[in-house]
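Chains, contacts and geometry: an overview
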Amino acid sequence: MARESRIVPKEPYVSKPVVLIAEELSPATVDALGPDFEIRNVDGTDRPALLDALSDANAILVRSATKVDAEAIAAAPKLQVIARAGVGLDNVDIKAATTAGVMVVNAPTSNIISAAELTVGHILSLARHIPAAHAALAQGEWKRSHYTGTELYEKTIGIIGLGRIGALIAARLQAFGTEIIAYDPYITAARAQQLGVQTVSLDELLERSDFITIHMPKTPETTGMISTEQLEKMKPTAFIVNVARGGLIDEEALHDALVAKRIGGAGLDVFVAEPPRESPLLALPNVIVTPHLGASTDEAQEKAGVSVAKSVRLALAGELVPDAVNVAGGVIDPYVRPGIPLVEKLGQLFAGLAHGRLTSIDIEVRGELVDYDVSVLKLAALKGLFTNIVSETVSYVNAPLLAEQRGIEVRLITSPDSPEYRNVITLTGALADGTQVSVAGTLTGPKQIEKLVGVNGFEIEVPIATTHIIMEYTDRPGIVAVYGQEFGDAGINIAGMQIARREAGGSALSVLTVDSPVPTDVLDRVREAIDATLFVEVDITE
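Keep in mind that what you see is a predicted model, and the values were worked out from it rather than measured.

Calculation criteria
- Residues numbered from 1 in each chain as written.
- Predicted model: local features only at pLDDT ≥ 70, side-chain atom pairs only at ≥ 80, totals over all residues.
- Heavy atoms only, no water.
- Patch = residues over 30% accessible without salt bridge, like charges linked within 9 Å, V, L, I, M, F, W, Y side chains within 5 Å.
- Areas by Shrake-Rupley, 256 points an atom, 1.4 Å probe, with all protein chains shown as cover.
- Salt bridge = Lys/Arg side-chain N within 4 Å of Asp/Glu carboxyl O.
- Helix = DSSP H or I, 4+ residues; strand = E, 2+ residues; numbered from the N terminus.
- pLDDT = per-residue confidence, 0-100.
- Contact = heavy atoms within 4.5 Å.
- Buried < 20%, exposed > 50% of the residue type's maximum accessible area, 1.4 Å probe, protein only.
- Pairing = 2+ DSSP bridges.
- Polar contact = N/O pair within 3.5 Å; in protein donor to acceptor, adjacent residues only side chain to side chain.
- Core = buried A, V, L, I, M, F, W, Y, C linked by side-chain atoms within 4.5 Å.
- Lys, Arg positive; Asp, Glu negative; His and termini not counted.
- Axes fitted to C-alpha atoms, helices over the stretch in contact; angles between N-to-C directions.
- Right-handed = clockwise from strand over helix to strand, strands pointing away.

Side chains of Val 480, Met 497 and Ile 499 sit close together on the surface and give an oily, nonpolar patch of about 230 Å² of accessible area. Locating Met 497 in the fold gives a position in strand S21 (residues 494-501).

Below, the discussion takes up the confidence of the model for the chain. Low-confidence regions, as indicated by low pLDDT, have predicted coordinates that should not be scrutinised in detail. Residues with a pLDDT of 70 or more make up 96% of the chain, whose mean pLDDT is 90. Across residues 1-13, where pLDDT falls below 50, the model places 45 contacts with residues more than four positions away in sequence or in other chains.

A few words now on the pairing of strand S10 (residues 211-214). Judged by which residues are buried, S10 turns out to be covered on both faces: Phe 211 and Thr 213 on one side and Ile 212 and Ile 214 on the other are all buried. Two elements, S10 and strand S11 (residues 239-242), share four bridges in a ladder whose sense is parallel. Looking across to S11, one finds that Phe 211 is bridged to Phe 239.

The next subject is the pattern of salt bridges. Within the structure shown, the criterion is met by 20 salt bridges. Of the charged contacts in the structure, one is a salt bridge between Arg 47 and Asp 69, with a shortest N-O distance of 2.5 Å. Pair noted here: Arg 47 is in helix H2 (residues 47-53) and Asp 69 is in the loop between strand S4 (59-62) and helix H3 (70-74), with a separation of 22 residues, a long-range link. With a closest N to O distance of 2.6 Å, Lys 345 and Glu 450 form a salt bridge. Of this pair, Lys 345 sits in helix H13 (residues 339-353) while Glu 450 sits in strand S18 (residues 449-455), and the two are 105 residues apart along the sequence.

Okay, the side chain of Glu 537 next. Its place among the elements puts Glu 537 in strand S23 (residues 534-539). Within polar-contact distance, the side chain of Glu 537 engages the backbone nitrogen of Val 518 at 3.1 Å.

Our next topic: the nonpolar core. Of all hydrophobic cores here, the largest spans 75 residues; its most connected members are Ile 425 and Leu 427. Sequence-distant contacts of Ile 425, defined by excluding residues within four places in its chain, comprise Leu 342, Val 343, Leu 346, Ile 363, Glu 364, Val 365, Leu 369, Leu 377, Val 439, Ala 440 and Gly 441. Core analysis: the second largest hydrophobic core is formed by 29 residues, Leu 202, Ile 212, Ile 240 and Leu 254 among them.

Our next topic: the side chain of Glu 472. With respect to the helices, strands and loops of the structure, Glu 472 is situated in strand S20 (residues 467-474). For the buried Glu 472, which has no salt bridge, the nearest side chain bearing the opposite charge is Arg 502, at an N-O separation of 4.9 Å. If we skip the residues at most four places from it in the chain, Glu 472 touches Asn 456, Phe 458, Ser 507, Ala 508, Leu 509, Ala 532, Thr 533 and Leu 534.

All right, on to the environment of Gly 265 then. With respect to the element layout, Gly 265 can be found in strand S12 (residues 265-268). Beyond its immediate stretch of four places on either side in the chain, Gly 265 contacts Leu 126, Ala 238, Phe 239, Ile 240, Leu 258 and Asn 286.

This brings us to unusual backbone geometry. The omega torsion of the bond from Glu 274 to Pro 275 falls at -5°, within 30 degrees of zero and hence cis. The topology assignment puts Pro 275 in the loop between S12 and strand S13 (287-289). In the Ramachandran plot, Lys 261 falls in the positive-phi region, its phi being about 60° despite a non-glycine side chain. A residue is classified by how much of its surface remains accessible, and Lys 261, at 61% relative accessible area, is exposed.

A sheet is described by the order of its strands in space; here five strands give the open sequence S3-S2-S4-S5-S6, paired in parallel fashion. Among the strands making up the open sheet, the edge pair consists of strand S3 (38-41) and strand S6 (103-106). In this sheet, adjacent strand axes meet at a mean angle of 20° when their direction is disregarded. The pairing of strand S2 (residues 18-21) with S4 spans three bridges and is classified as parallel. The partner of Ile 21 across the bridge, within S4, is Leu 61. Across the sheet, helix H12 (residues 298-316) is in contact with S2, S4, strand S5 (81-84) and S6; its angle to S5 comes to roughly 170°.

Right, let's talk about the pairing of S2 for a bit. Going residue by residue along S2, you find Val 18 and Leu 20 tucked away on one face and Val 19 and Ile 21 tucked away on the opposite face as well. Sheet analysis places S2 next to S3, joined by four bridges and oriented parallel. Residue pairing in the sheet places Ile 21 in a bridge with Asn 41 of S3. Where the polypeptide runs from S2 across helix H1 (residues 27-33) and back to S3, its parallel neighbour, the crossover connection is right-handed.

Following this line, the structure appears as C-alpha cells:
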C-alpha cells in the first residue's frame, strides 16, 4: 500500500532575539553579546515586571537574586536559554527548564581564583585575629597581647574537596610552608601527587588538621557532612572555613562546638539562609563572617558575564554549549563539530521516512570519528528527529526527554570500520509494526559537503538540500519520464536526482532534489502514477 508523508518546517524567527538582563552585570557582558540581539533590562526581584518581560524573551541573564522557577519558565514561551553569571544554580529550576527545552548555562570557572583567595583570607584572618583586632583598634583600644595569633608555617591544612578551587588553595598555601592533606573520594592518587597533596580519610583529616577548608558541591550526601560527630574529631585549636555552599556544615552543631570551645573558630562566607539575620553564629567572638563574597571581585564578575554571554550566543545559534548544565555533551572536538548539522538533517529525513510509531533508534558512527567523543551526535539525531513532528520547541536539552516520554530506546554505536567513506553516520530505527527505517550520511571533500549516502539499505550519494522527494517503486521503464513530466508541468525544477536499485525488476529508489516544495495534488498524481510503495517529501529546517 502506498504511503505519503510531508514534513512542513516551522516558520523561521526573523526578529532579533530578545536577551533579558535581570540583574546588574559588567559592561563587558553586553559587549560580549554583540549587536545581534535586542537587549532589555528588568529588575529580576520585581516579580510582576519579570514575568511580563519574559513573555517574549529568548534568553535571560541572571545572578543569584532572580528566581527563575517553573512559573517564570512557563511565562516565557520563547525562552531558549537561562544564563547564570556565576557558579551556583539554586535560583534556577533546572528540572522545569529541561522539560521546557530550555538550556541552563553558568560560568563554572569564573570565580575559582576569587573563591580560593577569599578562603586564604579567611584562614589568615582566623590565624591572626585580623577583623577583631581592627575593630578594637578602630574603637581606640590597644590590645596587642589579646590578639596573639598563630603562624601557618609547619601547620597542617586539610582540604575537603580537591577540585579546581581546592587545588588552587593547595598551591597558594604550600608557599607558607604548610603540610597539605586532602579528602576527596573522586581524586586519583596521581592527581594528588601532582598537586603535592597527601590524600587521607575524612576522619584522619579532621584529626590532624590545624585548618580545615571545605570545597564540596551541595548534594543530599554532602549536606550537613560536617556535624557534631565530625566537629568532635577536630583539635580544640583547629579552625574550619566554608566558602563553598551553605549547609555543608551543620550550623547548629557548629554553634554548639564554638560556644563550648571544642574548636578554635570558624570562617564563614555562606549560610543555610542568606542573609543569615537570625543566625546565632553572628554573635560569637570566634567566628569571622563575610556576606557570600566568594565571587565578589571585579575580575570574577567580568569573567562570569563574558562567559555566559558567549554561551548565550552559542545557544541562540542552535549550537551546543560546553557550560550547559542540563545537556549531556561537553566540549566538542573541532573534528566532530561539522557532523552535528549533518546528523540533525539525517534526523529530519528519518522522521519523514518513519510512517508509524518509533520504538527504537540506533545512531551508528563509523570511521575516524570514533577516536573522539561523539555523544553529541546522539543529541543531534534526536533533535532532528523531533524538530518538525512535535508541537513544542525542540532543543538539545529536551530531545532526550521527548524520546524517553515516547518510550523510544536510543543507542549510540561506534565502530572504526568504514570501508566506503572516511566517516559515515547511520540512523536505523524500528517501528511498532516491525518495519525498519534507515538513513546514512557523510561529509565529503575539503568543503565538507553534507551528503545522503543511504536510504533503507539503498546506496546513493546525494548532496543534502532544502527539499527532497524520496520514492520507492517497482523498477520498470518509463518511471523517470512519468514523474519528470508531472513535475515539469507543475513548474517544479528538479535540481538533482539519483536512482538506486538492488536488482533489475526489483525495488528501485529515487531521491530527487527540488528547488521548491511540491503542491499536494502534484504529489498525489505522481504517487499514483508510479504506484509508489514509499513516497515522501521532506523539507529540511536549518
